[in-house]
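A closer look at the structure
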Amino acid sequence: MSEKGANAMWGGRFAGGPDAIMEAINASIGFDQRLAGEDIAGSQAHAAMLAACGIIAQADAEAIADGLDRVRADIAAGRVSWSPALEDIHMNIEARLKELIGAPAGRLHTARSRNDQVATDFRLWVRGQCDDAIAGLEALQRALIDQAEAGADWVMPGFTHLQTAQPVTWGHHMMAYVEMFARDAGRLRDARARMNESPLGAAALAGTSFPIDREMTARALGFERPCANSLDAVSDRDFALEFLAAASICGMHLSRLAEELVIWSSAQFRFVALSDRFATGSSIMPQKKNPDAAELLRAKVGRIIGAQVALLTVMKGLPLAYSKDMQEDKEQVFDAADTLQISLAAMTGMIGDMTANRDALEAAAASGFSTATDLADWLVRDLGLPFREAHHVTGALVRRAEETGRDLPDLTLDEMRAVHPQITEGVFGVLGVHNSVASRTSFGGTAPEQVRAQIARWRERLP
């Protein structure tokens with residue numbers, strides 16, 4: 001093959017040939033610059049420790065700390081140009097530090113490697129994302145609780161298979177999501193606790209012969225303790241996978257709620273009206289108000305789940321300790337974290353702004369024979385029928401109402417007695433939807449008194 005043919009295989013963009021391609025595939029500064037704050041914090045903690053242990057001079061440590069503060073200010077002001085030739089955030093910051101303070105910058109990397117450096121930076125960043133997501137979840141829970149409190153005794157249909165099942169209260173439905181998002185926050189807290197160990201000082205993979213104090217750097221960075229095994233410290237990405245797993249489940253919950261908002265805001269349901277801030281119009285149909293924010297939330301969970309699968313795939317075949325494959329651990333985590341944060345903010349905004357249509361909710365609750373189970377329970381409780389017989393009697397009454405275009409409360413006592421002669425006037429006390437929800441007083445039930453108790457419990461728990 002000719003030289004011209006070989007170069008053509010590399011593609012026109014890489015005019016410099018294989019070296020340009022290698023630089024492009026090897027450099028991570030295009031995305032890992034997001035770790036600048038964490039990298040500077042880790043370096044400052046490391047330098048302070050080196051001086052405290054007598055490994056570098058105190059004057060050098062002070063110069064490094066001051067220089068890193070100046071680098072941080074330069075980055076914030078947009079005065080730093082990131083160089084792909086320097087590969088990553090670590091080398092870019094160190095190069096800028098050397099420009100600012102000269103020779104002392106060369107002492108910073110004593111007793112560490114980019115392997116433990118990046119593991120530390122990434123843990124710090126993911127830990128921060130856990131905190132931000134928990135705060136976002138708590139804001140969403142508060143918005144849901146506000147909705148629940150406003151409609152604690154409003155009736156609506158509860159569904160199974162998206163078919164009317166039994167009446168519930170609006171407040172009860174809102175509080176169901178409060179519980180879901182509480183579990184999401186719990187998973188993030190659990191993940192945060194497990195990841196809160198410091199890799200710094202593990203060096204490349206085997207630790208270091210310098211007399212470092214890993215407890216000191218761990219404390220300085222807010223970690224509970226140093227990682228106990230240097231091989232594991234540099235090769236572990238469980239912390240990112242756990243964050244993605246928790247984010248995926250949370251995204252799924254957001255998607256379920258978004259789906260309900262899409263259905264509820266439709267002309268066929270009219271259960272809720274979304275504010276104009278979270279809806280758009282149609283380019284051709286002037287009557288349309290599209291729930292675009294909710295629809296986008298349904299889709300965005302795919303990005304989060306995709307990130308989890310991608311990182312699992314990166315990690316599944318790697319021998320200990322560090323491999324360059326692990327450079328591919330960040331972009332999908334960054335994207336998933338961004339997606340989760342905007343999704344939580346958008347859902348909080350939608351829930352806070354939406355208006356529930358009490359009349360439409362109640363009308364729907366009264367349709368579809370939603371009190372059939374209350375009737376069957378009454379037959380068991382008041383007449384002593386076995387539940388299977390009560391189920392059969394209720395089914396016959398539902399069929400009678402359906403054939404005549406009515407609901408159960410509209411049947412006369414004589415019509416009911418034609419199916420079972422022992423039925424009394426007392427049956428009408430359980431057939432109304434308000435009677436139905438008021439009777440569900442078991443712990444965690446839909447009765448307004450139970451809903452208000454749930455609200456009070458969560459008001460006390462949430463900061």
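Just so you know, the residues in each chain are numbered from 1, in the order the chain's sequence is written. Reporting of local features is limited, given that this is a predicted model, to residues whose pLDDT is at least 70; pairs of side-chain atoms are given and counted only at 80 or more, and all residues count toward the totals for whole chains, interfaces and linings. Excluding hydrogens and water, the side-chain values take into account all heavy atoms of the structure.

Focus: the overall build of the protein chain
Across its full length, the protein chain holds 20 helices and six strands. Radius of gyration here is computed from C-alpha atoms only, and the compact-globule reference equals 2.2 Å multiplied by the residue count raised to the power 0.38. On C-alpha atoms alone, the protein chain measures out to a radius of gyration of 31 Å, which is more than a quarter above the 23 Å that the 2.2 N^0.38 rule sets for 463 residues. Taking the principal axes of its C-alpha atoms as reference, the protein chain extends roughly 100 × 55 × 40 Å. Accessible surface is estimated by sampling points in the Shrake-Rupley manner with a 1.4 Å probe; for residues, cover comes only from the protein chains shown. Of the roughly 21500 Å² of accessible surface on the protein chain, 53% is carried by carbon and sulfur atoms. For the purpose of counting charges, residues Lys and Arg are taken to be positive, whereas Asp and Glu are taken to be negative. His and the chain ends are not included. Just so you know, the charge point we use is NZ for Lys, CZ for Arg, CG for Asp and CD for Glu. If you average the places of the 46 positive and of the 61 negative side-chain charges in the protein chain, the two averages end up 1 Å apart. Counting from the N terminus, the helices are DSSP H or I runs at least four residues long and the strands are E runs at least two residues long.

A word on the state of the cysteines
Here, two cysteine sulfur atoms that lie within 2.5 Å of each other are counted as a disulfide. In the structure shown here, the tally under the stated rule is zero disulfides. In this model cysteine 250 remains outside any disulfide bridge; the closest cysteine sulfur is found in cysteine 130, 11 Å from its own. Relative accessibility under 20% of the residue-type maximum defines a buried residue, over 50% an exposed one, and the middle range a partly exposed one, all with a 1.4 Å probe and only protein chains included. For cysteine 250, a relative accessible area of 1% translates into the label buried.

A closer look at the nonpolar core
Soluble, globular proteins show a tendency: their nonpolar side chains are buried together. By size, the foremost hydrophobic cluster in this structure holds 96 residues, and its most contacted members are Trp170 and Met347. The next biggest cluster of nonpolar side chains, apart from the first, holds 19 residues, and it includes Ala372, Trp378, Leu379 and Leu397. For the purposes of this section, nonpolar cores are sets of buried Ala, Val, Leu, Ile, Met, Phe, Trp, Tyr and Cys residues that join through side-chain atoms within 4.5 Å.

As for the side chain of glutamine 332
Inspection of the secondary structure puts glutamine 332 in helix α13 (residues 331-353). Look at glutamine 332 and you get buried, because its relative accessible area is 15%. Contact definition: two residues touch when any of their heavy atoms are within 4.5 Å. Ignoring anything within four residues of it in the chain, the contact list for glutamine 332 reads Ala307, Ala310, Leu311 and Val314.

Quick notes on the packing of helix α5 (residues 58-76) against helix α6 (residues 89-101)
Axis geometry follows a simple rule: fit a line to the C-alpha atoms, using only the stretch in contact for helices, then measure angles between N-to-C directions, giving values from 0 to 180 degrees. Two numbers describe how α5 lies on α6: the axes approach to 9 Å, and their chain directions differ by 115°. The orientation of α5 with respect to α6, classified from their angle, is roughly perpendicular. In the packing of α5 onto α6, the handedness of the crossing is right-handed. For the pair formed by α5 and α6, the contact residues are Ala63, Ile64, Gly67, Leu68, Arg70, Val71 and Asp74 on the first element and Ile93, Arg96, Leu97, Leu100 and Ile101 on the second. Gly counts as polar in this scheme, as do all residues outside two lists: the nonpolar Ala, Val, Leu, Ile, Met, Phe, Trp, Tyr, Cys and Pro, and the charged Asp, Glu, Lys and Arg. In terms of residue class, the contact of α5 with α6 is built from eight nonpolar, one polar and three charged. Any angle that is under 35 degrees is reported as roughly parallel, and any over 145 degrees as roughly antiparallel; angles of 65 to 115 degrees are reported as roughly perpendicular and all others as oblique. Left-handed is the label given to a crossing in which the near helix is rotated counterclockwise from the far helix by less than a right angle, and right-handed is the label when the rotation is clockwise.

A closer look at unusual backbone geometry
Along the chain, leucine 320 connects to alanine 321 via a cis peptide bond; the corresponding omega equals 10°. Within the secondary structure, alanine 321 sits in the loop between α12 (292-315) and α13. Residues other than glycine seldom take positive phi values, yet alanine 111 does so here, at roughly 65°. When you line up the elements, alanine 111 lands in the loop between α6 and α7 (114-150).

A word on the environment of glycine 251
Take glycine 251: it is sitting in helix α11 (residues 238-264). Taking C-alpha positions, glycine 251 is 10.0 Å from phenylalanine 181, a pair spaced 70 residues apart along the chain.

What about α5?
The α-helix winds at 3.6 residues per turn, so residues separated by three or four positions along the chain end up facing the same way. The end-to-end C-alpha separation of α5 is 27 Å, in line with the 27 Å expected for 19 residues at 1.5 Å each. Taken residue by residue, α5 has Asp60, Ala61, Ile64, Gly67, Leu68, Val71 and Asp74 as its buried positions. Seen along its axis, α5 keeps its buried residues to an arc of 140°; they face one direction. In this structure, α5 carries Ala59 and Ala76 as exposed residues pointing more than 90 degrees from its buried face. Multiplying 1.5 Å by the helix residue count minus one yields the expected span of that helix. The arc in question is traced by the directions running from the helix axis to the C-beta atoms.

Observations regarding the environment of glutamine 147
Inspection of the secondary structure puts glutamine 147 in helix α7. Of the residues examined, glutamine 147 reaches a relative accessible area of 10% and is grouped as buried. Spatially, the C-alpha atom of glutamine 147 lies 6.9 Å from that of methionine 174, the residues being 27 residues apart in sequence. Ignoring anything within four residues of it in the chain, the contact list for glutamine 147 reads Trp170, Met174, Ile351 and Met354.

Considerations on the pairing of strand β2 (residues 163-169)
Should DSSP find at least two bridges between two strands, the strands are regarded as paired. In this sheet, β2 lies alongside strand β1 (residues 155-160) in antiparallel orientation, the contact comprising six bridges. Each residue of the ladder has a partner; that of phenylalanine 159, found in β2, is threonine 164. Between β1 and β2, which follow one another and run antiparallel, lie two residues, and histidine 161 among them has a positive phi close to 60°.

Section: the pattern of salt bridges
Salt bridges are identified by distance alone: a Lys or Arg side-chain nitrogen within 4 Å of an Asp or Glu carboxyl oxygen. Under the definition given, this model contains 27 salt bridges. Here aspartate 74 ties to arginine 96 by a salt bridge, and the two come within 2.7 Å at their closest N and O atoms. Highlighted residues: aspartate 74 in helix α5 and arginine 96 in helix α6, separated in sequence by 22 residues. Put simply, arginine 459 and aspartate 146 hold a salt bridge, and the shortest N to O gap is 2.9 Å. One end of the pair, arginine 459, is in helix α20 (residues 448-461); the other, aspartate 146, is in helix α7, with 313 residues separating them in the sequence. For arginine 459, a relative accessible area of 35% gives the class partly exposed. Exposure remark for aspartate 146: the relative accessible area of 43% places this residue in the partly exposed category. Here the residues in one salt-bridge network are Asp74, Arg79, Arg96 and Glu99, joined through shared partners.

As for the side chain of aspartate 184
Its place among the elements puts aspartate 184 in helix α8 (residues 170-195). Judged by relative accessible area, aspartate 184 falls into the buried class, the value being 0%. Contacts described as polar in this section are N or O atom pairs within 3.5 Å, which, within protein, must combine one atom able to donate a hydrogen with one able to accept it, while residues neighboring in sequence count only if both atoms come from side chains. For aspartate 184, the side chain forms a polar contact with the side chain of histidine 253, separated by 2.8 Å. If sequence neighbours within four positions are ignored, aspartate 184 has contacts with Leu137, Ile249, Cys250 and His253.

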